[in-house]
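# Structural overview
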Amino acid sequence: MEVEKNMNLLVDWFSLVDNLICQLFLSLMVVLIVVLIIMGYRHLPKNTINSTIRKKIKENGLIHFTTLDNAQKIKKEGLKPQNKELFFLEKNMVWLYMHEEEKIDSYKNIVQNKAGRDIYDCYIHFEGITDEQIDNMRYRKYDSAITHIGTFKTPSMPIIEL
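Residues numbered from 1 in each chain as written. Predicted model: local features only at pLDDT ≥ 70, side-chain atom pairs only at ≥ 80, totals over all residues. Heavy atoms only, no water.

So, on to the pattern of salt bridges. Under the definition given, this model contains eight salt bridges. For E100, the salt bridge goes to K103, with nearest N and O atoms at 3.8 Å. Relative accessible area serves as the criterion here: at 9%, E100 is assigned to the buried category. According to the relative accessible area criterion, K103 is partly exposed, its value standing at 33%. Measuring nitrogen to oxygen at the nearest pair gives 2.7 Å for the salt bridge that ties R140 to D143. Residue R140 shares its accessibility class with D143, and that shared class is buried. (Salt bridge = Lys/Arg side-chain N within 4 Å of Asp/Glu carboxyl O. Buried < 20%, exposed > 50% of the residue type's maximum accessible area, 1.4 Å probe, protein only.)

Structure below.
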């Protein structure tokens with residue numbers, strides 16, 4: 001009888017520990033998901049384009065790094081969002097940088113250090129950008145990344161090999 005009572009206590013104790021571990025695991029998963037969403041949100045450019053940036057975009061254009069093969073396709077169809085590769089908050093966006101000659105190597109290093117992008121061998125220089133297109137853009141201050149929602153195409157899109 002004493003052994004049976006001790007066994008029941010042991011089973012109850014293991015059940016309690018098992019429940020606590022499950023609750024702890026679920027709590028950690030929720031925290032992890034929240035952290036990932038916050039990090040993804042912080043990654044997105046959120047600043048509207050101010051007058052200074054607008055002027056630079058209109059004068060110098062924007063650039064997008066890619067492969068030469070893909071650049072030819074972009075030149076024909078425009079730069080289209082690649083939803084399959086992006087975090088859900090980035091869906092339907094294309095990523096660009098301001099065309100600033102002195103920063104192209106820096107931008108190239110940022111882009112090529114991302115997984116699978118070390119093969120990028122050119123960039124497209126988008127020129128003739130309209131105010132309406134700029135109104136559909138957001139800016140990230142720390143690295144000057146710019147997003148545009150939807151397909152992006154301009155009248156002049158020369159391809160520059162790196």
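Before going further, it helps to examine the environment of I53. Tracing the backbone shows I53 in helix α2 (residues 51-60). Classification of I53 by relative accessible area gives buried; the value is 8%. Each residue touching I53, except ones within four places of it in the same chain, is listed here: M98 and Y139. (Helix = DSSP H or I, 4+ residues; strand = E, 2+ residues; numbered from the N terminus. Contact = heavy atoms within 4.5 Å.)

Turning our attention to the side chain of H99. Tracing the backbone shows H99 in the loop between β3 (93-98) and α4 (104-112). Residue classification places H99 among the buried positions, given a relative accessible area of 13%. Reaching out from H99, the side chain makes a polar contact with the side chain of E101 at a distance of 3.2 Å. Residues contacting H99, with those up to four places away along its chain left out, are N60, G61, L62, I63, I104, Y123 and H125. (Polar contact = N/O pair within 3.5 Å; in protein donor to acceptor, adjacent residues only side chain to side chain.)

Turning our eyes to something else, we now look at the sheet that holds strand β4 (residues 122-126). Sheets are built from strands that pair by backbone hydrogen bonding, the pairs being arranged parallel or antiparallel. Sheet architecture is open: seven strands sit in the order β1-β5-β6-β3-β2-β4-β7, paired in antiparallel fashion. Strand pairing shows two members of the sheet lacking a second neighbour, β1 (47-48) and β7 (159-161), which therefore form its edges. Relative to β7, β4 is paired through three bridges, and the arrangement is antiparallel. Paired with C122 across the two strands is E161, which belongs to β7. Against the sheet, α4 engages β2 (62-66), β3 and β4, with an angle of about 40° to β2. (Pairing = 2+ DSSP bridges. Axes fitted to C-alpha atoms, helices over the stretch in contact; angles between N-to-C directions.)

Relative to the helices and strands, T67 is located in the loop between β2 and α3 (68-77). With residues up to four places along the chain from it excluded, the contact list for T67 reads I119, Y120, D121 and C122.

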